[in-house]
Amino acid sequence: MSSSATGTSRCAACRNQRRRCPTDCIFSPHFPSTDPERFDAVHRIYGASKVAKMLEEIPPEMRGPAANALHFEAKCRIRDPVYGCVGIISTLNEEIRDTGTELAKLRARVAFLASGAQERQLGQDYTIVDDHWTEQQQIGNVVL
């Protein structure tokens, strides 16, 4: 027999609502008494009755992932009341765009250096002077 059935331990939702935890409590599997902050965040954003309705409307096997998603979204909304999850998504999209730009620059630089290596084989050389590439021609042992 579970601790909820005996009434000795209530889930975080029932403890928050100051009520007895029934044996068929919809919150019990997803909001354990050992993690009250999890339910507090969800309750603060959505409210207990709306969360109960949402969990009851979906199949039992999907309730765990749904509770995790509600918790994540609630934490994001508490951290950033205006943008919530969208703020995180926007930040990650900016990082992806910036990294893509940096990757394109590095690929261009590699291609440039590879072409410079081919030209050096033909007697031309490139050196770095103040972060700029300059062409040097070599005739014998003399660099022009």
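Residues numbered from 1 in each chain as written. Predicted model: local features only at pLDDT ≥ 70, side-chain atom pairs only at ≥ 80, totals over all residues. Heavy atoms only, no water.

When helices and strands are tallied, the protein chain shows six helices and three strands. Reading the secondary structure of the protein chain in the N-to-C direction produces α-α-α-α-α-α-β-β-β. Looking at the protein chain as a whole, 22% of its 144 residues qualify as buried. A fraction of 33% describes how many contacts in the protein chain between residues 6 or more apart in sequence connect residues 24 or more apart. Only carbon and sulfur atoms are counted for the fraction: they give 54% of the accessible area of the protein chain, which is about 10,500 Å². (Helix = DSSP H or I, 4+ residues; strand = E, 2+ residues; numbered from the N terminus. Buried < 20%, exposed > 50% of the residue type's maximum accessible area, 1.4 Å probe, protein only. Contact = heavy atoms within 4.5 Å. Areas by Shrake-Rupley, 256 points an atom, 1.4 Å probe, with all protein chains shown as cover.)

The backbone phi angle of arginine 18 is positive, close to 55 degrees, even though this residue is not glycine. Structurally, the position occupied by arginine 18 is in the loop between helix H2 (12-17) and helix H3 (36-46). For arginine 18, a relative accessible area of 76% gives the class exposed.

Simply put, the disulfide is a covalent bond whose two ends are the sulfur atoms of two cysteines. For the structure shown, the criterion picks out zero disulfides. The thiol of cysteine 11 is not disulfide-bonded; the next cysteine sulfur, from cysteine 14, is found 3.5 Å away. On the basis of relative accessibility, which here comes to 0%, the residue cysteine 14 falls in the buried class. (Disulfide = S-S within 2.5 Å.)

Here the focus is the pattern of salt bridges. Within the structure shown, the criterion is met by one salt bridge. Linking arginine 97 and aspartate 98 is a salt bridge whose minimum nitrogen-to-oxygen distance equals 3.9 Å. By relative accessible area, which is 45% here, aspartate 98 ends up partly exposed. (Salt bridge = Lys/Arg side-chain N within 4 Å of Asp/Glu carboxyl O.)

Here we come to the nonpolar core. In terms of nonpolar packing, the biggest core is built from 19 residues, with Cys11, Phe27, Phe31, Phe39 and Val51 touching the most fellow members. The set of elements that each furnish at least two residues to this core consists of H2, H3, helix H4 (48-57) and helix H5 (60-79). When residues in this core are grouped by element, the largest group, four residues, is from H4. Not counting residues up to four positions away in its chain, the partners in contact with valine 51 are Phe27, Phe31, Val42, Tyr46 and Leu70. (Core = buried A, V, L, I, M, F, W, Y, C linked by side-chain atoms within 4.5 Å.)

With that settled, the discussion passes to the side chain of arginine 38. Structurally, the position occupied by arginine 38 is in helix H3. Of the buried charged residues, arginine 38 lacks a salt bridge, with aspartate 35 as the closest side chain of opposite charge at 5.0 Å. A polar contact of 2.9 Å, which involves the side chain of arginine 38, links it to the backbone oxygen of histidine 30. Residue contacts for arginine 38: discarding those within four places in its chain leaves His30, Phe31, Ala67, Asn68 and His71. (Lys, Arg positive; Asp, Glu negative; His and termini not counted. Polar contact = N/O pair within 3.5 Å; in protein donor to acceptor, adjacent residues only side chain to side chain.)

A few words on the environment of aspartate 40. For aspartate 40, the position within the fold is in helix H3. Overall, aspartate 40 belongs to the partly exposed group, its relative accessible area being 34%. In the structure, aspartate 40 is positioned 24 residues away from asparagine 16 in sequence and 7.8 Å away in space, judged by C-alpha atoms.

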